[in-house]
Amino acid sequence: MENVHLALEEDDLYSGYNDYNPTFDSEELENDLGFQQAVRTSHGRRPPMTAKFPGTAIGARPIASSFGSRVPMTSSMGRPMTGAVQDGAARPMTAVRAAGYTSSLTRGSTFDPLGQSKGPAPPLEAKNDDTPEEKIKILEKKVNDLIEESCMAQSVGALQLALEKAKEAGRKERMLVRQREQSGNADHINLDLTYSVLLNLANQYANNEMFPEALNSYQVIVKNKMFSNAGRMKVNMANIYFKQKNYPKAIKFYRMALDQISNAHKEMRIKIMQNIGVVFVRMGQYSDAITSFEHIMSESPNIKTGFNLILCYYAIGDRERMKKAFQKLISVPLGIDEEDKYIPSNDDTSANMVIEAIKNDKLHQMERDLKVLAEKYIMTAAKLIAPAIETSFATGFDWCVDMVKSSQYVELANDLEINKAITYLRQKDFNQAVETLKTFEKKDSRVKSAAATNLSFLYFLEKDYDQADRYSDLAMNADRYNPAALINKGNTVFSKQDYEKAAEFYKEALRNDSSCTEALYNLGLTYKKLNRLEEALDCFLKLHAILRNSAQVMFQLAHLYELLEDPQQAIEWLMQVISVTPTDPQALAKLGELHDGEGDKSQAFQYYYESFRYFPSNIDVIEWLGAYYIETQFCEKAIQYFERATLIQPTQVKWQLMVASCYRRSGNYQKALETYKDIHRKFPENVECLRFLVRLCTDMGLNEVQEYATKLKKVEKMKEIKEQRVKSGREGSARGRREGREGSAGSADSSHSSNSTKGERLSAKMRSLPASNEPYEASSQKELDASYVDPLGPQMERPKTGAKKRMEDDDFADEELGDDLLPE
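Residues numbered from 1 in each chain as written. Predicted model: local features only at pLDDT ≥ 70, side-chain atom pairs only at ≥ 80, totals over all residues. Heavy atoms only, no water.

With that settled, consider the pattern of salt bridges. For the coordinates displayed, the defined rule picks out 23 salt bridges. Between Arg 532 and Glu 500 there is a salt bridge, with its nearest N and O atoms 3.5 Å apart. Of the two residues, Arg 532 sits in the loop between helix H21 (517-529) and helix H22 (533-546) while Glu 500 sits in helix H20 (residues 499-512), which places them 32 residues apart along the sequence. Salt bridges sharing common partners tie together Glu 294, Asp 318 and Arg 321. (Salt bridge = Lys/Arg side-chain N within 4 Å of Asp/Glu carboxyl O. Helix = DSSP H or I, 4+ residues; strand = E, 2+ residues; numbered from the N terminus.)

On the UniProt side, "repeat: TPR" (unreviewed entry) is annotated at positions that read residues 231-264, 270-303, 483-516, 517-550, 551-584, 585-618 and 619-652 here. Taken end to end, residues 517-550 comprises 79% helix and 0% strand; its first and last C-alpha atoms sit 11 Å apart. Secondary structure across residues 551-584 comprises 79% helix and 0% strand; the distance between its end C-alpha atoms is 10 Å. (UniProt positions renumbered as here; feature names shortened; annotations may be inferred.)

Here we come to the confidence of the model for the chain. Reading fine detail from the predicted coordinates is not recommended where pLDDT is low. Predicted confidence across the chain gives a mean pLDDT of 76, with 72% of residues reaching 70 or more. Note that pLDDT drops below 50 for residues 50-88; the model gives that stretch 45 contacts with residues more than four away or on any other chain. Note on residues 743-824: pLDDT under 50 across the span, and 99 contacts to partners over four residues away in sequence or across chains. (pLDDT = per-residue confidence, 0-100. Contact = heavy atoms within 4.5 Å.)

This part takes up helix H31 (residues 687-700). A rise of 1.5 Å per residue sets the reference length of H31, with its 14 residues, at 20 Å; its end C-alpha atoms lie 20 Å apart and thus fit the reference within 8%. The element H31 is largely enclosed, with a buried count of 13 among its 14 residues. A distance of 3.3 Å separates the backbone nitrogen of Glu 688 from a side-chain oxygen at the start of H31, and that oxygen is part of Asn 686. Looking at the residues trailing H31, positive phi occurs at Gly 701, about 70°. (Expected span 1.5 Å × (residues − 1). Buried < 20%, exposed > 50% of the residue type's maximum accessible area, 1.4 Å probe, protein only. Polar contact = N/O pair within 3.5 Å; in protein donor to acceptor, adjacent residues only side chain to side chain.)

So, on to the packing of helix H10 (residues 303-316) against helix H11 (residues 319-330). Orientation of H10 relative to H11, taken along the N-to-C sense of each, is 170°, at an axis distance of 9 Å. With respect to H11, the element H10 is oriented roughly antiparallel. On the side of H10, the interface is formed by Ile 303, Gly 306, Phe 307, Leu 309, Ile 310, Tyr 313 and Tyr 314, while H11 contributes Arg 321, Met 322, Ala 325, Phe 326 and Leu 329. (Axes fitted to C-alpha atoms, helices over the stretch in contact; angles between N-to-C directions. Parallel < 35°, antiparallel > 145°, perpendicular 65-115°, else oblique.)

If you look at the biggest cluster of nonpolar residues, it comprises 132 residues, and the most contacted ones within it are Tyr 254, Ile 272, Ile 303, Phe 326, Ile 378, Val 404 and Tyr 409. With residues near it in sequence (within four places) discarded, Phe 326 still touches Ile 310, Ile 378, Ala 381, Ala 382, Ile 385, Trp 399, Cys 400, Met 403 and Val 404. (Core = buried A, V, L, I, M, F, W, Y, C linked by side-chain atoms within 4.5 Å.)

Helix length check: H21 (13 residues) gives 19 Å between terminal C-alpha atoms against 18 Å at 1.5 Å per residue, within 8%. Taking burial as the measure, the 13 residues of H21 include 10 buried ones, the bulk of the element. Taken as a whole, H21 has its buried residues at Thr 517, Ala 519, Leu 520, Tyr 521, Asn 522, Leu 523, Gly 524, Thr 526, Tyr 527 and Lys 528. Residues of H21 that are buried make contact with helix H19 (483-495), H20, H22 and helix H23 (551-563). Count one or two residues on from H21 and you reach Asn 531, which has phi positive near 65°.

Bringing the packing of aromatic side chains into the picture now. Enumeration according to the criterion identifies 19 aromatic pairs in this entry. The structure contains a cluster of three or more aromatic residues connected by ring pairs, namely Phe 605, Tyr 608, Tyr 609, Phe 612, Trp 624, Tyr 628, Tyr 629 and Tyr 641. Above the plane of the ring of Tyr 471 lies Arg 470, whose end atom (NZ or CZ) is 4.6 Å from the centre. Between Arg 613 and the ring centre of Tyr 614, over which it is positioned, the NZ or CZ distance is 4.8 Å. (Phe/Tyr/Trp six-rings, centres within 6.5 Å; stacked < 30°, edge-to-face > 60°. Lys NZ or Arg CZ within 6 Å of the ring centre and 35° of its normal.)

This part takes up the state of the cysteines. Inspection of the entire model under this criterion finds 0 disulfides. Left unpaired, Cys 662 is separated from the closest cysteine sulfur, that of Cys 635, by 5.4 Å. Overall, Cys 662 belongs to the buried group, its relative accessible area being 0%. (Disulfide = S-S within 2.5 Å.)

Laid out in structure tokens, this is it:
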């Protein structure tokens, strides 16, 4: 009873129940000026609630009891009621405590909302890195960073660096496991991190073609039962065995992977079965490959598998199944939207903007690439099976065209027809090719342009330039933006030597297709013909930037620099040609010629010799090599080159005379005499041969000297008579022409006819005789050995001192009479 207190009569026991704290009145917050001011300023940030500040629920909330008068209740957070400001007290901005608000403000203290008077904040406590847990976390981060660096290095092609990072990650991960075991946390080993390290290491070994190490790393993953889905790694192991050409083991691991992958992963299983089929193809087991490919085509058909199935049927020669497989191939759905949806409409502006944005995005590019790949496989399959499925190639191709026309690839039918014509070309059946292409003259513009372009090319190859010009015009009319048609038109104009007009067509082709290398090459040739060498050089330099390893382009650049009188640049470009085609005899010979022009005989000899080694039938190279050996006093080595020239041009007497001259220069007079006699038998009217026969017989004291001297006299006499006749014939012809102009027309015609007929007979007879005034050495004037004085003249007055003395006098005779054999 002592704890029971009776209520006073004047106190209302039920008062205060309808009162509420205005802090929770969210509807009136917009009208609460204090609250809005607190929200707009930094003073509205509420500090954490503690019990030591005044105004909290503990310190500022009076407890109403039955023994004391009731005071108005403050809010539960210590905030006084809105509008209830005590006597002179500063009004707090929040329910707990305003920023910088203290009770001392009423006593005149300085306002310091940011607490700057207290000095700087104490420093943060240093993190203790010496604990085992912190060490393990740091090491884990290092391992993850190394794996990431390894993957990044592999993505940019730095395979060796990627492998080093992967190895280092493996070492760090083993250290991490040991630290966990030492700290007693072996149960908390991060298996995902271990799996990542091992997988990355195995992949980097495989990328660096270190296949045994990669297989060992994959084996560690596969044998560990704690790694889930590790069976998929057997696909990677099978890929390595495939690269090693260990096909039975590759099939074994592919099948093991197939057994461990559930049917829910249908796409993965299809890919593995496709790999199995490819391995069977490599092993030549086409029946097993067909089984895999047929299963794929029945479950999830795709273009590549359909093409591989056709190849297998072609390998076993099954015609009917080839046809069925081709029909399956052209019916494979590509899952590509129609191109019509990318055509903008004129009405909806927003839709047009969307179409413009997605017209060339990556998805549309992927669709185009897939369609191009499908068309390529279909075209290749048709060209492959056309000769095999029917009795003739044409019939088989027609069947393929009919099948394609009834499929989703209708536009491919015309391309197949054009390929049919091209196949006729490869079979050298030009008539059938032309007939096939002519059927396209009434088709749509694109196909007509392609067919007319091919026809123009055909006629151009046959040098029927009129027909080539006609069909190039037809191709241009059908499609003015066809660069091939413009090039063919330019070629026909080029053949007529209208180089300016040809250049215009090549330029137009380049405007339509800036990557058209044929137009750029032909434009360079045209500028070279027009002697606009700088522009031609610019064309070929651009072409070289596109075709880096084209020997033709580099050779043209070398030739242009030679024409521009810059032999050093020409040599540099020819050296690049040799680096691409080291066995090109023409380039080697040109290098020899340029070095010879620069005075570097040793380098010139090296390149000429290499050219002769690869192509021993170039007369210019043979002549240079022979002259080089004569100049360097190695006449015996020159003989083999002139003998080869004799085999190449047996009707040219100068090579045989050079052989005899080399024998004579080397001191083998008997062999030289035999060679001259042999030449005389083949060319009895050759004056040079008779001169040397007379000279040798005289020096050697032979009795045949008189016989050869008589023949020489007779031949020289005949030569003089012929020259006089030719001269008189020319003079008579000229006189007849003058008289014809002065006299009557009839007499002029008669005289001119008579003289010209006589001159033609003399010219024909002179042409039938071997040339006697051509030099037969490509050396200096002093080395021309075909000149000799008449043995019956002053030269015979020299004392006979034997063969040796006479041979020493040869140089004097050669130097004195060399002018007689200069070219006309």
